[in-house]
Amino acid sequence: MAWSAAQYAKFEDERTRPARDLLAQVPDLPAGPAFDLGCGPGNSTELILERFPGSPLTGIDSDDDMLSAARTRLPDLRFEKGDLAAWTPPAESALFFANAVFQWLPEHVTLFERLILALAPGGTLAVQMPDNLDESSHLLMEETAEEAAFAPAFAGRTIRRRSLPSPATYVERLTSKEVRVDVWHTVYYHQLANANAIVEWVKGTGLRPYLDALPTTQRAGYLAAYAEKIRKAYPAMKNGRVLLRFPRLFIVATKNR
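Residues numbered from 1 in each chain as written. Predicted model: local features only at pLDDT ≥ 70, side-chain atom pairs only at ≥ 80, totals over all residues. Heavy atoms only, no water.

(A) View of the overall build of the chain. Tallying secondary structure elements over the chain gives eleven helices and seven strands in all. Compactness check: the chain gives a C-alpha radius of gyration of 19 Å against a globular reference of 18 Å for 257 residues, within 12% of the reference. Viewed in the frame of its principal axes, the chain has a C-alpha envelope of about 55 × 40 × 40 Å. Within the chain, the proportion of its 257 residues that are buried is 52%. Considering only contacts within the chain whose residues lie at least 6 apart along the sequence, 78% involve residues at least 24 apart. Entry remark: accessible area of the chain is about 11900 Å², with carbon and sulfur atoms responsible for 51%. Here the chain holds 29 positive side-chain charges and 31 negative ones, and the gap between their average locations is 3 Å. (Helix = DSSP H or I, 4+ residues; strand = E, 2+ residues; numbered from the N terminus. Rg over C-alpha atoms; globule rule 2.2 N^0.38 Å. Buried < 20%, exposed > 50% of the residue type's maximum accessible area, 1.4 Å probe, protein only. Contact = heavy atoms within 4.5 Å. Areas by Shrake-Rupley, 256 points an atom, 1.4 Å probe, with all protein chains shown as cover. Lys, Arg positive; Asp, Glu negative; His and termini not counted. Charge placed at Lys NZ, Arg CZ, Asp CG, Glu CD.)

This is the structure:
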């Protein structure tokens, strides 16, 4: 997929709030390196730096545009290109922080187990993932893709990402005598200017795989059809704004000291 740091940054305040909420639940860190996994344009990395200025911090991302934006934002920090599905976590790490990235990796629970093994005593794995596939914003992506004008471009492909496992799966797989695991959901209600703002929001994330699958000549038509559905699904409130419901799943796993 092709990501755009500029598109992502259009709603940076809203996207950064879950990272703030996740970081607030991370306990004090032991000595050791910290990593922002899927660091994007560096908004979450900046929060980690402010909270833990004494920890060596590295941002990891697979996208060159995101890494360029992160390096511009935080020129004194280290950012590396890496595929999290294959990335080898350094032993005795203090923190693995991941804001809205692991939902793209179907076998992420296994990856979490690997990350936990690499934590130093007292170290933490902190993860936030969107859990919004059943929201109209995402259901309508699939519905639009099934229209006759666009269906041939999606034939034989699986565009819709997999649903997250149940909270019980994370608790059962990650909890041990050495690790305490907390799992919770938070539902955000973002007040956006209008329905078009919802389209702009998802163009930076969930809509990207759909747009990338289409020929360039069909993307504008797909967006127009999707936007019309969004306007019907998200009617304006009395103040003219619309309310975007956005559930997210949080996981904090900390090794005993």
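(B) Region of the structure containing the packing of helix α5 (residues 108-117) against helix α8 (residues 167-174). Close contact between α5 and α8 brings their axes to 10 Å; oriented N to C, the two are set at 35°. Classified by chirality, the crossing of α8 by α5 is right-handed. Every residue of α8 that contacts α5 at His-108, Val-109, Thr-110, Phe-112, Glu-113 and Ile-116 is listed here: Tyr-170, Arg-173 and Leu-174. Here the residues of the contact of α5 with α8 are counted per class, giving five nonpolar, two polar and two charged. (Axes fitted to C-alpha atoms, helices over the stretch in contact; angles between N-to-C directions. Left-handed = near helix turned anticlockwise from the far one by under 90°. Nonpolar A, V, L, I, M, F, W, Y, C, P; charged D, E, K, R; others polar.)

(C) Up close: the packing of aromatic side chains. By the definition in use, this model includes eleven aromatic pairs. Summarising the aromatic geometry, the rings of Phe-112 and Tyr-170 are spaced 6.3 Å apart at their centres and angled 35° between planes, so their arrangement reads as tilted. On the criterion of sequence distance, the pair formed by Phe-112 in helix α5 and Tyr-170 in helix α8 is long-range, its members being 58 residues apart. Between Trp-201 and Phe-246 the ring centres are 5.8 Å apart and the planes differ by 50°, which places this aromatic pair in the tilted class. Here Trp-201, found in helix α9 (residues 195-203), pairs with Phe-246, found in strand β7 (residues 242-255); they are 45 residues apart in sequence, far enough to count as distant. An identical accessibility class is assigned to Trp-201 and Phe-246; each is buried. (Phe/Tyr/Trp six-rings, centres within 6.5 Å; stacked < 30°, edge-to-face > 60°.)

(D) Geometry of the pairing of strand β1 (residues 34-37). Residues Ala-34 and Asp-36 of β1 are buried on one face, and the alternating residues Phe-35 and Leu-37, pointing to the opposite face, are buried as well. Of the strand pairs in this sheet, β1 and strand β2 (residues 57-61) are connected by four bridges, and their pairing is parallel. Its bridge partner being in β2, Leu-37 is matched across the sheet by Ile-60. Assessed by its sense of winding, the connection that carries the chain from β1 through helix α3 (residues 43-51) to β2 is right-handed. (Pairing = 2+ DSSP bridges. Right-handed = clockwise from strand over helix to strand, strands pointing away.)

(E) Layout of the environment of Ala-86. When you line up the elements, Ala-86 lands in the loop between β3 (78-81) and β4 (93-99). The sequence separation of Ala-86 and Leu-111 amounts to 25 residues, and the corresponding C-alpha distance is 8.9 Å.

(F) View of the sheet that holds strand β5 (residues 119-130). Reading across the sheet, the seven strands line up as β3-β2-β1-β4-β5-β7-β6 and stay open at both edges, with mixed pairing between neighbours. Each end of this open sheet is capped by a strand with a single partner; those strands are β3 and β6 (179-192). Taking the axes of each pair of neighbouring strands and ignoring which way they run, one obtains an average angle of 15° across the sheet. With six bridges joining them, β4 and β5 adopt parallel strand pairing. When the sheet's bridge partners are listed, Ser-93 is paired in β5 with Leu-119. α3 contacts β1, β2, β3 and β4 of the sheet and is inclined by roughly 145° relative to β4.

(G) Highlighting unusual backbone geometry. The phi dihedral of Glu-92 falls on the positive side, at around 60°, and the residue is not glycine. One non-glycine residue with positive phi stands out, namely Ala-100, at about 60°. Tracing the chain through its elements places Ala-100 in the loop between β4 and α5. Looking at Ala-100, the relative accessible area reads 25%, which means it is partly exposed.

(H) Just the pairing of β4, in detail. The buried fraction of β4 amounts to seven of the seven residues, a majority that puts the element mostly inside the structure. As paired strands, β1 and β4 are joined by four bridges and run parallel to one another. Considered in β4, the bridge of Ala-34 is made with Leu-95. For the segment spanning β4, α5 and β5, crossover handedness is right-handed.

(I) The arrangement of the pattern of salt bridges in detail. Summed over all chains, the structure comprises twelve salt bridges. A salt bridge links Lys-81 to Asp-64; the shortest N-O distance between them is 3.2 Å. Residue Lys-81 is located in strand β3, and its partner Asp-64 is located in helix α4 (residues 64-73); the two are separated by 17 residues in the primary sequence. Among the ionic pairs, Lys-203 bridges to Glu-200, the shortest N-O distance being 3.1 Å. Of this pair, Lys-203 and Glu-200 both sit in helix α9, three residues apart, roughly one helical turn. (Salt bridge = Lys/Arg side-chain N within 4 Å of Asp/Glu carboxyl O.)

Shape descriptors only; they carry no functional weight alone.
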